Amino acid sequence: MEFPRLLALLLILLEWTRPGLPSPLRPICDLRVLNHFIKEARDAEVAMKSCREGCSLSESVTVPQTRVELDVWEKKNALEQAHEVQTGLWLLKQALSLLRTSVTNTALLSHIDNSIRNLLSISAVLRSLNIQEFTPPASAAGLEGTWTVSSSTDLLQVHVNFLRGKVRLLLLDAQACQQDVS
(Lines give C-alpha, C1' and ligand atoms only; values in the text may rest on other atoms or scores of the structure.)
Protein backbone atom coordinates (compact mmCIF):
# COMPACT_ATOMS: atom_id res chain seq x y z
CA MET A 1 0.00 0.00 0.00
CA GLU A 2 2.94 2.34 0.40
CA PHE A 3 3.79 2.26 -3.33
CA PRO A 4 0.61 4.11 -4.47
CA ARG A 5 1.23 6.80 -1.85
CA LEU A 6 4.83 7.22 -2.95
CA LEU A 7 3.78 7.34 -6.59
CA ALA A 8 1.12 9.98 -5.87
CA LEU A 9 3.64 12.11 -4.00
CA LEU A 10 6.21 11.73 -6.78
CA LEU A 11 3.68 12.74 -9.44
CA ILE A 12 2.66 15.80 -7.44
CA LEU A 13 6.29 16.85 -6.98
CA LEU A 14 7.08 16.33 -10.67
CA GLU A 15 4.06 18.38 -11.69
CA TRP A 16 5.01 21.08 -9.20
CA THR A 17 8.57 21.38 -10.47
CA ARG A 18 7.83 21.25 -14.20
CA PRO A 19 9.54 24.31 -15.75
CA GLY A 20 7.83 26.90 -17.92
CA LEU A 21 4.36 26.58 -16.45
CA PRO A 22 2.49 28.94 -14.18
CA SER A 23 3.01 28.03 -10.54
CA PRO A 24 0.48 25.35 -9.58
CA LEU A 25 -1.02 24.90 -6.15
CA ARG A 26 1.50 23.79 -3.60
CA PRO A 27 1.37 19.99 -3.21
CA ILE A 28 0.04 20.33 0.34
CA CYS A 29 -2.92 22.26 -1.08
CA ASP A 30 -3.66 19.69 -3.78
CA LEU A 31 -6.94 18.11 -2.76
CA ARG A 32 -6.03 14.92 -4.63
CA VAL A 33 -3.90 14.04 -1.61
CA LEU A 34 -6.88 14.51 0.72
CA ASN A 35 -9.04 12.53 -1.71
CA HIS A 36 -6.54 9.69 -1.46
CA PHE A 37 -6.79 9.78 2.36
CA ILE A 38 -10.59 9.77 2.09
CA LYS A 39 -10.48 6.76 -0.23
CA GLU A 40 -8.27 4.89 2.23
CA ALA A 41 -10.63 5.81 5.09
CA ARG A 42 -13.55 4.43 3.03
CA ASP A 43 -11.55 1.25 2.38
CA ALA A 44 -11.12 0.85 6.15
CA GLU A 45 -14.84 1.41 6.65
CA VAL A 46 -15.71 -1.23 4.03
CA ALA A 47 -13.24 -3.67 5.58
CA MET A 48 -14.82 -3.08 8.98
CA LYS A 49 -18.32 -3.70 7.65
CA SER A 50 -17.23 -7.04 6.21
CA CYS A 51 -15.31 -8.07 9.33
CA ARG A 52 -17.03 -10.81 11.32
CA GLU A 53 -14.62 -11.52 14.16
CA GLY A 54 -11.99 -9.64 16.15
CA CYS A 55 -13.07 -6.20 15.03
CA SER A 56 -15.07 -4.61 17.80
CA LEU A 57 -14.39 -1.50 19.84
CA SER A 58 -13.66 -2.33 23.49
CA GLU A 59 -15.34 0.80 24.88
CA SER A 60 -17.20 3.90 23.75
CA VAL A 61 -15.08 6.74 22.35
CA THR A 62 -15.54 10.48 21.92
CA VAL A 63 -15.48 11.64 18.29
CA PRO A 64 -15.98 14.98 16.56
CA GLN A 65 -19.33 16.04 15.19
CA THR A 66 -19.19 15.76 11.42
CA ARG A 67 -22.23 17.79 10.51
CA VAL A 68 -21.29 21.11 8.95
CA GLU A 69 -23.72 23.99 8.70
CA LEU A 70 -22.01 26.14 6.08
CA ASP A 71 -23.44 29.43 7.31
CA VAL A 72 -22.16 28.73 10.84
CA TRP A 73 -18.79 27.46 9.53
CA GLU A 74 -18.26 30.54 7.37
CA LYS A 75 -18.98 32.87 10.30
CA LYS A 76 -16.12 31.31 12.26
CA ASN A 77 -12.69 32.84 11.82
CA ALA A 78 -9.81 30.76 10.46
CA LEU A 79 -8.40 30.17 13.94
CA GLU A 80 -11.70 28.77 15.23
CA GLN A 81 -12.06 26.54 12.15
CA ALA A 82 -8.49 25.27 12.52
CA HIS A 83 -8.99 24.56 16.22
CA GLU A 84 -12.16 22.60 15.49
CA VAL A 85 -10.43 20.51 12.82
CA GLN A 86 -7.33 19.91 14.94
CA THR A 87 -9.48 18.87 17.91
CA GLY A 88 -11.35 16.47 15.65
CA LEU A 89 -8.12 15.00 14.25
CA TRP A 90 -6.84 14.49 17.81
CA LEU A 91 -10.09 12.81 18.88
CA LEU A 92 -10.04 10.52 15.84
CA LYS A 93 -6.41 9.57 16.46
CA GLN A 94 -7.22 8.72 20.09
CA ALA A 95 -10.28 6.70 19.06
CA LEU A 96 -8.48 4.82 16.27
CA SER A 97 -5.57 4.06 18.61
CA LEU A 98 -8.03 2.53 21.09
CA LEU A 99 -9.68 0.57 18.28
CA ARG A 100 -6.25 -0.70 17.25
CA THR A 101 -5.71 -2.20 20.71
CA SER A 102 -9.00 -4.09 20.62
CA VAL A 103 -8.92 -5.39 17.03
CA THR A 104 -7.38 -8.80 16.35
CA ASN A 105 -8.20 -9.05 12.64
CA THR A 106 -4.84 -8.53 10.87
CA ALA A 107 -6.30 -7.17 7.63
CA LEU A 108 -8.25 -4.59 9.59
CA LEU A 109 -5.20 -3.68 11.69
CA SER A 110 -3.43 -2.65 8.49
CA HIS A 111 -6.31 -0.31 7.58
CA ILE A 112 -6.36 1.20 11.08
CA ASP A 113 -2.59 1.78 11.07
CA ASN A 114 -2.90 3.46 7.69
CA SER A 115 -5.73 5.68 8.95
CA ILE A 116 -3.67 6.77 11.95
CA ARG A 117 -0.69 7.59 9.70
CA ASN A 118 -2.97 9.60 7.42
CA LEU A 119 -4.30 11.62 10.36
CA LEU A 120 -0.72 12.40 11.36
CA SER A 121 0.02 13.44 7.76
CA ILE A 122 -2.98 15.77 7.73
CA SER A 123 -1.76 17.33 10.99
CA ALA A 124 1.64 17.87 9.36
CA VAL A 125 -0.06 19.52 6.38
CA LEU A 126 -1.87 21.89 8.73
CA ARG A 127 1.44 22.79 10.41
CA SER A 128 3.02 23.44 7.00
CA LEU A 129 0.17 25.82 6.19
CA ASN A 130 1.18 27.90 9.23
CA ILE A 131 -1.98 26.97 11.07
CA GLN A 132 -1.37 27.55 14.75
CA GLU A 133 0.02 24.56 16.65
CA PHE A 134 -2.59 22.52 18.50
CA THR A 135 -2.30 21.61 22.17
CA PRO A 136 -4.53 18.65 23.00
CA PRO A 137 -6.63 18.84 26.14
CA ALA A 138 -5.98 16.59 29.13
CA SER A 139 -9.10 14.59 28.26
CA ALA A 140 -11.95 14.58 25.77
CA ALA A 141 -14.51 15.13 28.52
CA GLY A 142 -16.40 18.37 28.13
CA LEU A 143 -15.16 19.21 24.64
CA GLU A 144 -17.67 21.07 22.51
CA GLY A 145 -18.85 19.63 19.20
CA THR A 146 -18.36 15.98 20.11
CA TRP A 147 -20.42 12.87 20.62
CA THR A 148 -19.83 9.27 21.62
CA VAL A 149 -19.83 6.16 19.46
CA SER A 150 -19.69 2.58 20.69
CA SER A 151 -19.19 0.65 17.46
CA SER A 152 -16.11 0.44 15.28
CA THR A 153 -18.25 0.86 12.15
CA ASP A 154 -19.64 4.15 13.48
CA LEU A 155 -16.12 5.32 14.35
CA LEU A 156 -14.83 4.69 10.83
CA GLN A 157 -17.89 6.36 9.31
CA VAL A 158 -17.21 9.45 11.43
CA HIS A 159 -13.59 9.35 10.24
CA VAL A 160 -14.63 9.41 6.56
CA ASN A 161 -17.23 12.12 7.07
CA PHE A 162 -14.87 14.34 9.07
CA LEU A 163 -12.27 14.22 6.30
CA ARG A 164 -14.90 14.86 3.61
CA GLY A 165 -16.40 17.74 5.55
CA LYS A 166 -14.47 19.92 7.96
CA VAL A 167 -10.94 18.96 6.89
CA ARG A 168 -11.76 19.60 3.22
CA LEU A 169 -13.39 22.96 4.03
CA LEU A 170 -10.40 24.06 6.09
CA LEU A 171 -7.94 23.20 3.31
CA LEU A 172 -10.10 24.86 0.65
CA ASP A 173 -10.13 28.10 2.64
CA ALA A 174 -6.51 28.06 3.86
CA GLN A 175 -4.81 31.34 2.97
CA ALA A 176 -1.66 29.56 1.76
CA CYS A 177 -3.73 27.52 -0.71
CA GLN A 178 -5.39 30.44 -2.43
CA GLN A 179 -4.13 30.85 -5.99
CA ASP A 180 -3.05 34.32 -7.02
CA VAL A 181 -5.44 35.74 -9.57
CA SER A 182 -3.66 38.44 -11.56
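Just so we're clear, the structure is a prediction, and the values are computed from it rather than from any experiment. Counting from 1, residues in each chain are numbered in the order their sequence is written. Restriction of local features to residues with pLDDT of at least 70 applies here, the model being predicted, together with a cutoff of 80 or more for giving and counting side-chain atom pairs; totals for whole chains, interfaces and linings are based on all residues. The basis for the side-chain values is all heavy atoms of the structure; hydrogens and waters are excluded.

Q: What is the right way to look at the overall build of the protein chain in this model?
A: Secondary structure elements are taken from DSSP: a helix is a run of H or I of four residues or more, a strand is a run of E of two residues or more, and numbering for both begins at the N terminus. The secondary structure content of the protein chain amounts to 6 helices and 2 strands. Reading the secondary structure of the protein chain in the N-to-C direction produces α-α-β-α-α-α-β-α. Three labels apply to residues, based on accessible area from a 1.4 Å probe with only protein chains included: buried if under 20% of the type maximum, exposed if over 50%, partly exposed otherwise in between. By the burial criterion, 38% of the 182 residues in the protein chain qualify as buried. Surface exposure of the protein chain reaches about 10600 Å², of which carbon and sulfur atoms provide 54%. With residues, only the protein chains shown are counted as cover, and all accessible areas are computed by Shrake-Rupley using a 1.4 Å probe.

Q: Is there a simple way to explain the side chain of Glu45 in this structure?
A: By the secondary structure assignment, Glu45 is in helix H2 (residues 31-50). Residue class for Glu45 comes out buried when judged on its relative accessible area of 10%. Contacts are assigned to residue pairs with any non-hydrogen atoms lying within 4.5 Å of each other. The residues touching Glu45, leaving out its near neighbours within four places in the chain, are Leu156, Gln157 and Val160.

Q: I would appreciate a short explanation of the pattern of salt bridges in the present structure.
A: When charged atoms on two side chains of opposite charge get close, those side chains can pair. The term salt bridge refers to a pairing of a side-chain nitrogen on Lys or Arg with a carboxyl oxygen on Asp or Glu at a separation within 4 Å. Throughout the structure, instances matching the rule amount to 5 salt bridges. For the salt bridge of Glu84 with Lys76, the shortest nitrogen-to-oxygen distance reads 2.3 Å. According to the relative accessible area criterion, Lys76 is partly exposed, its value standing at 26%. Shared partners join several salt bridges into a network, and the residues in it are Lys76, Glu84 and Lys166.

Q: How should I be thinking about the packing of H2 against helix H5 (residues 106-128) in this particular structure?
A: Angle between the axes and distance between the axes are the two parameters that describe a pair of packed helices. As a packed pair, H2 and H5 sit with axes 9 Å apart at the nearest point and diverge in direction by 155°. When the axis of H2 is compared with that of H5, the two are roughly antiparallel. Note that H2 runs across H5; the crossing there is left-handed. Where H2 approaches H5, its residues Leu34, Phe37, Glu40, Asp43, Ala44, Ala47 and Met48 are matched on the opposing element by Leu108, His111, Asn114, Ser115, Asn118, Ser121 and Ile122. For the contact of H2 with H5, the per-class residue count stands at 7 nonpolar, 5 polar and 2 charged. Helix axes are fitted only over the stretch in contact, all axes being lines through C-alpha atoms; the angle between N-to-C directions runs from 0 to 180 degrees. Any angle that is under 35 degrees is reported as roughly parallel, and any over 145 degrees as roughly antiparallel; angles of 65 to 115 degrees are reported as roughly perpendicular and all others as oblique. Two helices that cross are described as forming a left-handed crossing if the nearer one is turned anticlockwise from the farther one by less than a right angle, and a right-handed crossing if clockwise. Just so you know the grouping, Ala, Val, Leu, Ile, Met, Phe, Trp, Tyr, Cys and Pro go in nonpolar, Asp, Glu, Lys and Arg go in charged, and all remaining residues, Gly too, go in polar.

Q: What should I look at first to understand the state of the cysteines in this one?
A: Working definition: the covalent bond between the sulfur atoms of two cysteines is a disulfide. We call a pair of cysteine sulfur atoms a disulfide when they lie within 2.5 Å. All chains considered together, the criterion is met by 1 disulfide. With a sulfur-sulfur separation of 2.2 Å, Cys51 is cross-linked through a disulfide to Cys55. Negative torsions about the S-S bond denote left-handed disulfides, and the value of about -105° found for Cys51 with Cys55 makes this one left-handed. Here Cys51 and Cys55 have matching classes, each one buried.

Q: Where do I start with a negative patch on the surface in this structure?
A: Only residues whose relative accessible area exceeds 30% and that take part in no salt bridge are eligible for patches, with like-charged residues grouped when within 9 Å of each other and nonpolar side chains (Val, Leu, Ile, Met, Phe, Trp, Tyr) grouped when within 5 Å. Neither His nor the chain termini are counted; the positive set is Lys and Arg, and the negative set is Asp and Glu. Here the site of a charge means NZ on Lys, CZ on Arg, CG on Asp, or CD on Glu. Judged by side-chain charge, Glu69, Asp71, Glu74 and Asp173 come together as a negatively charged surface patch. By secondary structure assignment, the location of Glu74 is in helix H3 (residues 70-75). Under the relative-accessibility criterion, Glu74 is labelled exposed at 57%.

Q: Explain the side chain of Lys166 here, please?
A: By the element assignment, Lys166 lies in helix H6 (residues 152-173). A distance of 3.1 Å separates a polar atom in the side chain of Lys166 from the backbone oxygen of Gln65. With near-sequence residues (within four places) excluded, Lys166 lies in contact with Gln65, Thr66, Arg67, Val68, Trp73, Glu84 and Val85. Think of a polar contact as two N or O atoms within 3.5 Å of one another; within protein, one of them needs to be a possible hydrogen donor and the other a possible acceptor, and neighboring residues in sequence only count if both atoms come from side chains.

Q: How do you make sense of H5 when you look at a structure like this?
A: Along an α-helix, a turn takes 3.6 residues, which lines up residues three or four apart on a common side. Taking 1.5 Å of rise per residue, 23 residues should cover 33 Å, and H5 covers 33 Å from first to last C-alpha, within 8% of that figure. Every buried residue belonging to H5 is among Leu108, Leu109, His111, Ile112, Asn114, Ser115, Ile116, Asn118, Leu119, Ile122, Val125 and Leu126, and all of these are buried. Where H5 begins, one side-chain oxygen reaches toward the backbone nitrogen of Ala107, 3.0 Å away; that side chain belongs to Asn105. A positive phi of about 60° marks Asn130, the residue just after H5. How far a helix is expected to stretch is found by multiplying one less than its residue total by 1.5 Å.

Q: How should I be thinking about the packing of H5 against H6 in this particular structure?
A: H6 packs onto H5 with a crossing angle of 10° between their chain directions and a minimal axis gap of 13 Å. Relative to H6, the element H5 is oriented roughly parallel. Between H5 and H6, the residues in contact are Ser115, Leu119, Ile122, Val125 and Leu126 and His159, Leu163, Val167, Leu170 and Leu171, respectively. Looking at side-chain class alone, the contact of H5 with H6 contains 8 nonpolar, 2 polar and no charged residues.

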